[in-house]
Amino acid sequence: NVGPHLSITIVGASGDLAKKKIFPALFALYYEDWLPENFIVFGYARTKMTDEELRNMISRTLTCRIDQRENCEDKMDRFLKRCFYHSGQYDSEEHFAELNRKLQEKEAGKLSNRLFYLSIPPNIFVNVVKCASLRASSTSGWTRVIVEKPFGRDSESSGELTRCLKLYLTEDQIFRIDHYLGKELVENLSVLRFSNLVFEPLWSRNYIRNVQLIFSEDFGTEGRGGYFDNYGIIRDIMQNHLLQILALFAMETPVSLDAEDIRNEKVKVLRSMRPLQLEDVAVGQYKGHSKGGKSYPAYTDDPTVPNNSLTPTFAAAALFINNARWDGVPFLMKAGKALHTKRAEIRVQFRHVPGNLYKRNFGTDLDKATNDLVLRVQPDEAIYLKINNKVPGLGMRLDRSDLNLLYRARYSREIPDAYERLLLDAVEGERRLFIRSDELDAAWALFTPLLKELEQKKIVPELYPYGSRGPVGAHYLAAKHNVRWGDLS
Ligand code: BG6
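Notes on the structure follow. (Residues numbered from 1 in each chain as written. Predicted model: local features only at pLDDT ≥ 70, side-chain atom pairs only at ≥ 80, totals over all residues. Heavy atoms only, no water.)

Moving on to the layout of surface pockets. Regions of empty space are outlined by a rolling probe, equal in size to a water molecule, passed over the atoms. Size it by volume and the second largest pocket reaches roughly 670 Å³. Along the walls of the second largest pocket sit 30 residues, with Glu184, Tyr407, Ile415, Pro416 and Arg421 positioned nearest its centre. Of all the secondary structure elements, the ones that give two or more residues to the lining of the second largest pocket are α1 (16-31), α7 (184-194), β15 (382-390), β16 (398-406), α11 (407-410) and α12 (418-428). Its residues placed into classes, the lining of the second largest pocket shows 17 nonpolar, 3 polar and 10 charged. (1 Å grid on protein atoms, 1.4 Å probe; cavity = no way out; pocket = protein on both sides within 12 Å on 5 of 7 lines; lining within 4 Å. Points joined across faces, edges and corners; volume = space filled by probe spheres on them. Helix = DSSP H or I, 4+ residues; strand = E, 2+ residues; numbered from the N terminus. Nonpolar A, V, L, I, M, F, W, Y, C, P; charged D, E, K, R; others polar.)

Right, dumping it as structure tokens:
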């Protein structure tokens, strides 16, 4: 008995995300025997291609893990033989009916499950689910549909998208991906907190001064300007990736590890927050810059971006959670493109030690004596805690040292890509890392008034040079809340 048949159909198979992330993630899952014995992959897109051409296209992006080179070629061939292609329009019931017939042929009357990944622009999600009639699915098992942001541009458009999707799908068929939730360190956040006695008792306003969620990239919009200009960094990174991390970080202990229990707690955090206003943010946009004989373009040099675009490529924001645990603690977010480094991290700054006996050893800057816990999500995953330590020797000199858990030193295995974990969860029906519709609504409710104000008042972003540390506005914002950015100190 090999279990039910599984087909994974990638709608938008010739796109970038499919090539760079989805097919390689499926191969990695196959390689490590996570997928059911009886599975196939179907690509669907408008481009005309044969099965063989699809296989050629994806074979270029499949990789073997460093520790698993053995048999890799052979496994790749076997994986590719399970990949098929059907070319069709996204609004054609007839073309989807042809796909359905091909799927049925492969299923050969066996108990069959179907997973669809809509790797297409959201304005055609609804057309696709309608034309493919995914709810009244012609399969004997389950049908699930993965969708990926942008889920609208604000509360209204997101609500409308949800409403339309639900005409053709039930909520439990919809798997809304936020790929940051699939990252190893983000998943580890709950483990760290709920399975170590030393953290959870400190996890509140009593001991934590502020929390910083930082995302930076050292490249600009390169080629994605058309998409990006319509959304901006707040919609692209903050409203989803950073806010999801914040909710996981700040939630109360869930009743259990069940998806519904966790998501209930995350929604409560989001609903306990005050929607952002203009005074809670600083926005920026990168400008051209030359360094070391090389010149870097401004955001508006991108041919797909209007010359007078006011779209922020950088934003810093201060958020507050009005509940007993977090009252008054600033949660600062910072996200930017074309900065000096590529990094994503969570920084927790603890309070000062009351009546610190070693006060005089820290000079006038007592902030330098507080503990920081840092979860470096990427690159080079690590968790480290800054502590004060006596410098060995006579006399009494203190310095700050790190208790450092560096993943690459501690674990020999390569860390799976976020898409591997999320695809596997979707196959297994595990919804913990996917966004429920009320979470999505609550997330938009926080950001929509601000986004409208920024656009209506045509707020001009502060320019910062490509490759710099971002606009000074971010420092003023932090200073207003008595915070210093930990990544810059
Ligand atoms: C995407 C954004 O969601 O995340 C991109 O749309 C961004 O603008 C990307 O570059 C970053 O993802 P990662 O996994 O490379 O940090």
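Glancing now at the site of the ligand. In the region of the ligand, the neighbouring residues are Lys149, His179, Tyr180, Lys183, Glu217, Arg224, Tyr227, Asp236, His241, Lys337, Lys342 and Gln378. Lys149 has a polar side-chain atom sitting 2.9 Å from an oxygen atom of the ligand. Here Arg224 contributes a side-chain N or O atom positioned 2.8 Å from an oxygen atom of the ligand. If the ligand stood free it would expose 400 Å²; the protein chains cover 81% of that surface. The residue makeup of the shell around the ligand, split by class, is 2 nonpolar, 3 polar and 7 charged. (Near = heavy atom within 4 Å. Polar contact = N/O pair within 3.5 Å; in protein donor to acceptor, adjacent residues only side chain to side chain. Areas by Shrake-Rupley, 256 points an atom, 1.4 Å probe, with all protein chains shown as cover.)

Inspection of the entire model under this criterion finds 40 salt bridges. A salt bridge links Lys452 to Glu156; the shortest N-O distance between them is 2.9 Å. Of the two residues, Lys452 is situated in helix α13 (residues 437-456) and Glu156 in helix α6 (residues 155-168); the sequence distance between them amounts to 296 residues. Since its relative accessible area comes to 30%, Lys452 is described here as partly exposed. In this structure, Asp372 engages Arg400 in a salt bridge whose closest nitrogen and oxygen atoms are separated by 4.0 Å. Within this pair, whereas Asp372 is found in strand β14 (residues 372-378), its partner Arg400 is found in strand β16, the two being separated by 28 residues in sequence. Under the relative-accessibility criterion, Asp372 is labelled buried at 4%. Sharing partners across several salt bridges, the network here consists of Glu184, Glu187, Arg421, Glu430 and Arg432. (Salt bridge = Lys/Arg side-chain N within 4 Å of Asp/Glu carboxyl O. Buried < 20%, exposed > 50% of the residue type's maximum accessible area, 1.4 Å probe, protein only.)

Position of His95 relative to the elements: it lies in helix α4 (residues 93-107). Put simply, His95 and Ala132 are 37 residues apart on the chain and 8.6 Å apart in space, counted from C-alpha to C-alpha. In this structure, His95 is in contact with Tyr44, His86, Gly88 and Gln89, ignoring residues within four places of it in sequence. (Contact = heavy atoms within 4.5 Å.)

Moving on to the sheet that holds strand β17 (residues 462-465). The 9 strands lie next to each other as β16-β15-β14-β13-β7-β12-β11-β8-β17, forming an open sheet whose pairing is mixed. Either end of the sheet is taken by a strand with one partner, and the two such strands are β16 and β17. Averaged over neighbouring strand pairs, the angle between their axes works out to 20 degrees when direction is ignored. Pairing geometry for strand β13 (residues 343-350) and β14, over 6 bridges, is antiparallel. By the bridge assignment for β14, Ile346 is matched with Leu375. Seen against the sheet, helix α9 (residues 232-250) touches β7 (208-216), β8 (281-287), β11 (314-319), β12 (331-336) and β13 and runs at an angle of roughly 145 degrees to β12. Against the sheet, helix α14 (residues 473-480) makes contact with β8, β11, β12 and β17, and its axis sits at roughly 5 degrees relative to β11, the strand it touches most. (Pairing = 2+ DSSP bridges. Axes fitted to C-alpha atoms, helices over the stretch in contact; angles between N-to-C directions.)

Another point: the nonpolar core. If you look at the biggest cluster of nonpolar residues, it comprises 147 residues, and the most contacted ones within it are Phe79, Leu118, Ile234, Phe249, Phe331 and Phe447. For this core, the element with the highest residue contribution is α9, accounting for 12 residues. (Core = buried A, V, L, I, M, F, W, Y, C linked by side-chain atoms within 4.5 Å.)

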